Amino acid sequence: PEPLTTDEIESLHGPYITRRIKVRSIEQKSWQRLDPPGGGFGLFGWHTIPHDTNEIIITEGEFDAMAVYQATGRPAVSLPNGCRSLPMEVLVLLERFDTVYLWMDNDGPGREGAEMFARKLGVERCLLVQPSGKRGWNGGNNNNNMMMDEGESCDDEEDLSFEAASESRPPPPKDANEALLQGWDINELLNEASELPHERILKFSDLRDQVIHEITNPDKYRGVPVPSLPGFTSLIKGFRRGEMTVLTGPTGSGKTTFLGQTSLDLAEQGVNVLWGSFEIKNTRLMHKLLQQYMKDVLPIGLAEREGSMEEKKKMYEALTVLADKFDTLPMYFMKFHGGSDIDDVLDAMEYAAYVHDVEHIILDNMQFMISRDVKKMSSSFDKFDMQDIAIEKFRKFATDYNVHVTLVVHPRKEDEGAKLGISSFYGSAKATQEADTVLILQSDGKRKFVDVKKNRFDGTLGHVPLYFERKSGRYTEDAPAQAPPKTVVPNGVGVKTFNGVGHQKGRAVASSNYGDIRGQHPL
C-alpha cells in the first residue's frame, strides 16, 4: 500500500512532535548521544500506534520495531535507550494497553531488562518474546508473514518439530531484525511468547535456553568492564547486575577515589549509577568526580587568580562546558550524610531503581550509615548484629531489584602497614559471606594495589597494582615511566642476598608475602 502522508497520519493519530534525535556510531554501538540533552523521552514508532489498539510490541532497537511492523503489521515501538531503562515519561504512555510484548535481545542483558520491565509494567499483562528456535522457522522464506491473518498459527508438527528441522536451520535469532533477515516467521515467534515465571519457583525448562546460551556464549555474560583499569577487569570480569561487592582498605587508602573512577567508567558506558556518600558531602564528592572526569587539574580559586579577565573568562567557560557534559551522565546522588536510617536508604534505592532504572549503587560507607542506629545499642554484639541486618537487606535488594550494590566496609584496627585479609572486615563474617566479590585496597605506604579476595563468577583471584596520578585524581595500572616504583622492604622482612649483597643489579629484592606485584600483573 501507498505510504500515508503527514496530513493523513495526523488525521488518524493526531499531531506529533520530535522530542529528541538519537545518533549512534557505525563503528561502536555504545558511542551514541541523544540531542538535545534533557529533551525528554519518547517511543520510536509511536506515531504508527492506532488509538483503539489494546496490544503493543516493545523492542530494544529501532530496526527491531521496524522489522516487526514490516513483517506483521502489528503495532511496534522501540525503547529510547535500549534494554537499560524504561523512563517514567514512557511508562505513562503504556498504561492503556492490556497486552505488552517485550522483545529484547536474546542474550543476558536483554533477558534481565525484559524481566525488569515486566515487573515495572505489571507481570499480569506482559509476555516475553524469547525465541527458542523450536517454532517459527519456515526455511528462510520470509514472504509469507504478511499473508497470515493475525493470530493464525503455523502449527504443522512436521514443519515446526525441532527434531525434524533441516540442517540449515540457524540458531534462535538474537532480535527481531535478525529474525526478519534470516526468514523466521515473526508472527509465530510472537505466538511463542510466554509469561514471566513465578518469582520464587522455577523449573529447568524455564531457564534451559538461557543456560545453554550462557554455556555457548560465556563472554556475553561478563559484567560491565572498567576500561580505565583493564587488569582489574580481567580479574573480576566486570560488574554484573544482581550481585554485591564489598570493599575495604585502610583509612586514606583511596577507596572513594577508586569507586569514583569506576563509577565514571560505568556511567560513560550508559550504566545508570546511584551514589550514596555518607562520609563525604555530595558537593565534595562531585568536585572529585569532576576532576576525574576532566582527567586534569580543575581551575580552583579562579576568582582570586592573577591574570587578565579574558583568560579567566575562557577558563570559566571551559569549566561550564565540562559541567554541562558531566550533567549528561546517568549518575544520581542520594541526599544522605552521616548516620541514616537503613529503611530510608532502601526506600531511596527502590525509588531510583524504579524511576531512574539504576543498575549500580555505591554505598560509602557502612559504618557512617548505621552510626545513628548503633548509638541506641548497648554492646558490641548489638553493633555487629545491626551491621549484619543491614548487609542482609542490601544483599536481598541487589537480588530482588537486579542491581549491583557496592558496599564499603571499614577494616578492623590493624597494625599500620599490615596486609589486610578477608577476616579484616569490621564486624562478623556476614559481609564477606553475602558478597559475590570481595575487594581490598592494600597499601604499605609506598605501594598500593587492589586485591581480589573472592570472586563467585569464575573464581579468579589476584591483585593489580595501582598508581595514583595527582593531576587527574585517577589510578592507573602502569607505573610512571620516569621513575619506576621502588620495592619497599617492610620491617621484619628479610632481604635476599646475591654474592653477599642485598641487591640485584642495584635493586633491593624483598622476600615478603606481598611479592613483586609488578611481575604478577594479570595482563
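Note: the structure precedes this text.
Predicted, not measured: the structure shown is a model, and the values here were computed from it. (Residues numbered from 1 in each chain as written. Predicted model: local features only at pLDDT ≥ 70, side-chain atom pairs only at ≥ 80, totals over all residues. Heavy atoms only, no water.)

A look at the environment of D444
(1) Moving on: For D444, the location among the structural elements is in the loop between β12 (437–443) and β13 (448–455).
(2) Moving on: Overall, the relative accessible area of 16% leaves D444 in the buried class. (Helix = DSSP H or I, 4+ residues; strand = E, 2+ residues; numbered from the N terminus. Buried < 20%, exposed > 50% of the residue type's maximum accessible area, 1.4 Å probe, protein only.)

Quick word on the sheet that holds β13
(1) Moving on: With mixed pairing, the eight strands of this open sheet are ordered in space as β9-β8-β10-β11-β7-β12-β13-β14. Since the sheet does not close on itself, it has two edges, and those belong to β9 (331–333) and β14 (462–465), each with one partner. Averaged over all adjacent pairs, the angle separating strand axes in this sheet is 20 degrees, with direction ignored.
(2) Moving on: Sheet topology note: the strand β8 (residues 273–277)/strand β10 (residues 360–364) ladder contains five bridges and is parallel. In the strand pairing of β10, G276 is matched with L363. (Pairing = 2+ DSSP bridges. Axes fitted to C-alpha atoms, helices over the stretch in contact; angles between N-to-C directions.)

Here's the deal with the pattern of salt bridges
(1) Moving on: This model, assessed by the stated rule, comprises 19 salt bridges.
(2) Moving on: The partner of E359 in a salt bridge is R241, with the nearest N and O atoms 3.6 Å apart. On the criterion of sequence distance, the pair formed by E359 in the loop between α13 (342–355) and β10 and R241 in the loop between α9 (230–236) and β7 (244–248) is long-range, its members being 118 residues apart. Across the pair, R241 and E359 agree in class, each one buried.
(3) Moving on: Bridged by salt links that share partners, the residues D105, K174 and D175 form one connected network. (Salt bridge = Lys/Arg side-chain N within 4 Å of Asp/Glu carboxyl O.)

Structural notes on the packing of aromatic side chains
(1) Moving on: Applying the stated rule across the entire model yields eight aromatic pairs.
(2) Moving on: With a centroid separation of 6.1 Å and an interplanar angle of 85 degrees, the aromatic rings of W46 and F97 are classed as edge-to-face. With W46 in the loop between β2 (32–35) and β3 (55–59) and F97 in the loop between α3 (88–93) and β5 (99–103), this residue pair connects regions lying 51 residues apart in the sequence. For the pair shown, W46 and F97 are each scored as buried.
(3) Moving on: The structure contains a cluster of three or more aromatic residues connected by ring pairs, namely F232, F239 and F258.
(4) Moving on: The positively charged end of K120 is found above the aromatic ring belonging to Y354, 5.3 Å away from the centroid.
(5) Moving on: For R240, the ring lying beneath its charged end belongs to F457, and the centroid distance is 4.0 Å. (Phe/Tyr/Trp six-rings, centres within 6.5 Å; stacked < 30°, edge-to-face > 60°. Lys NZ or Arg CZ within 6 Å of the ring centre and 35° of its normal.)

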